[in-house]
Amino acid sequence: MPQIRLTTPLTDEVVEKLRIGQRVLLNGTLYTARDAAHKKMVELLDRGEELPIPIKGQVIYYVGPSPAKPGRVIGSAGPTTSGRMDPYAPRLIALGLKGMIGKGKRSPEVIKAMKQYKAVYFAAVGGAAALLARAIKSCRVVAYPELGPEAIHELVVEDFPVIVVNDVLGADLYEEGVKIYAGR
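The present account deals with the structure reproduced in this document. Predicted model, so just to flag it, every value in this text is computed and none were measured.

What counts and what doesn't
- Residues numbered from 1 in each chain as written.
- Predicted model: local features only at pLDDT ≥ 70, side-chain atom pairs only at ≥ 80, totals over all residues.
- Heavy atoms only, no water.
- Helix = DSSP H or I, 4+ residues; strand = E, 2+ residues; numbered from the N terminus.
- Buried < 20%, exposed > 50% of the residue type's maximum accessible area, 1.4 Å probe, protein only.
- Polar contact = N/O pair within 3.5 Å; in protein donor to acceptor, adjacent residues only side chain to side chain.
- Contact = heavy atoms within 4.5 Å.
- Phe/Tyr/Trp six-rings, centres within 6.5 Å; stacked < 30°, edge-to-face > 60°.
- Pairing = 2+ DSSP bridges.
- Right-handed = clockwise from strand over helix to strand, strands pointing away.
- Salt bridge = Lys/Arg side-chain N within 4 Å of Asp/Glu carboxyl O.
- Core = buried A, V, L, I, M, F, W, Y, C linked by side-chain atoms within 4.5 Å.

Let's shift gears to the overall build of the protein chain. The helix and strand tally for the protein chain stands at six helices and seven strands. When the helices and strands of the protein chain are listed from N to C terminus, the series reads β-α-β-α-β-α-β-α-β-α-β-β-α. Counting only C-alpha atoms, the protein chain reaches 50 × 40 × 30 Å along its principal axes. The 184 residues of the protein chain split such that 47% are buried.

This is the structure in structure tokens:
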């Protein structure tokens, strides 16, 4: 499968064409959020309030970046385990979130929401945090600064490398990979 370049925000038409195993280079704006920020966002929605970031068409990267060293935009920025965001993700997907980046499997509820509302889950390579940080051209805190590294950051990225793990058809690269290596 050829590697493709995409620019955020993502549309239904773009997301519908993505398939598991496809290598993607993301460009544009990503937002960071981990479980504490997700919890705060869902609490805002429960109160009928606006989210602190635009969600429609956006991609959230599950990361808590380390502080930047002098002369750098950001410190290490490797993905965190996505399962901690699973209780909150379907709500954001229903509002138009089109992509999530992390590592590890997603729950059946998240996969169902991705199918229903046309969203995808990307994996970023764990253990390559410094390499991933090179694709990040700017970083600024946009919400919840009290959360420290778990605040919501706006990242501008160029050719940020990810792989499609779950697509709008409900396919799962982790499950398909096991089948291939098990000879099924």
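It is worth spelling out the side chain of Thr 8 at this point. Positionally, Thr 8 belongs in the loop between strand 1 (4-7) and helix 1 (12-17). Side-chain polar atoms of Thr 8 contact the backbone nitrogen of Thr 29, separated by 2.8 Å. Ignoring any residue separated from it by four or fewer positions in sequence, one finds Thr 8 in contact with Asn 27, Gly 28, Thr 29, Leu 30 and Val 59.

The next subject is the packing of aromatic side chains. Summed over all chains, the structure comprises one aromatic pair. When the ring of Tyr 61 is compared with that of Phe 160, the centres are 5.2 Å apart and the planes differ by 70 degrees; the resulting orientation is edge-to-face. Of this pair, Tyr 61 sits in strand 3 (residues 59-61) while Phe 160 is found in strand 7 (residues 152-166), placing the two residues 99 residues apart along the sequence.

Residues Val 120 and Phe 122 line one face of strand 5 (residues 120-123) and the alternating positions Tyr 121 and Ala 123 line the opposite face, and both faces are buried. As paired elements, strand 4 (residues 99-102) and strand 5 share four bridges and run parallel to each other. Counted as the bridge partner of Met 100 is Tyr 121 from strand 5. The parallel pair strand 4 and strand 5, bridged by helix 4 (residues 108-117), forms a crossover whose chirality is right-handed. In this structure, strand 5 lies alongside strand 7, joined through three bridges in antiparallel fashion. Looking at strand 7, one finds that Tyr 121 is bridged to Asn 166.

Right, let's talk about the pattern of salt bridges for a bit. Counted by the stated rule, this structure contains 13 salt bridges. A salt bridge links Asp 86 to Arg 106, with the shortest nitrogen-to-oxygen separation between them at 2.7 Å. Taken together, the positions of Asp 86 in the loop between strand 3 and helix 3 (89-94) and Arg 106 in the loop between strand 4 and helix 4 put the pair 20 residues apart, joining distant regions of the chain. As far as burial versus exposure is concerned, Asp 86 and Arg 106 are alike and both buried. Members of the salt-bridge network, linked through shared partners, are Lys 105, Asp 172 and Glu 175.

In this structure, Met 41, Ile 60, Leu 92, Ile 93, Met 100, Met 114 and Ile 152 are the most contacted members of the largest nonpolar core, which totals 28 residues. Elements supplying a minimum of two residues to this core: helix 2 (35-46), helix 3, helix 4, strand 5 and strand 7. In this structure, Met 100 is in contact with Val 59, Ile 60, Tyr 62, Ala 89, Ile 93, Arg 106, Met 114, Val 120, Tyr 121 and Phe 122, ignoring residues within four places of it in sequence. In this structure, Leu 10, Val 59, Val 63 and Leu 132 belong to the second largest nonpolar core, which totals 26 residues.

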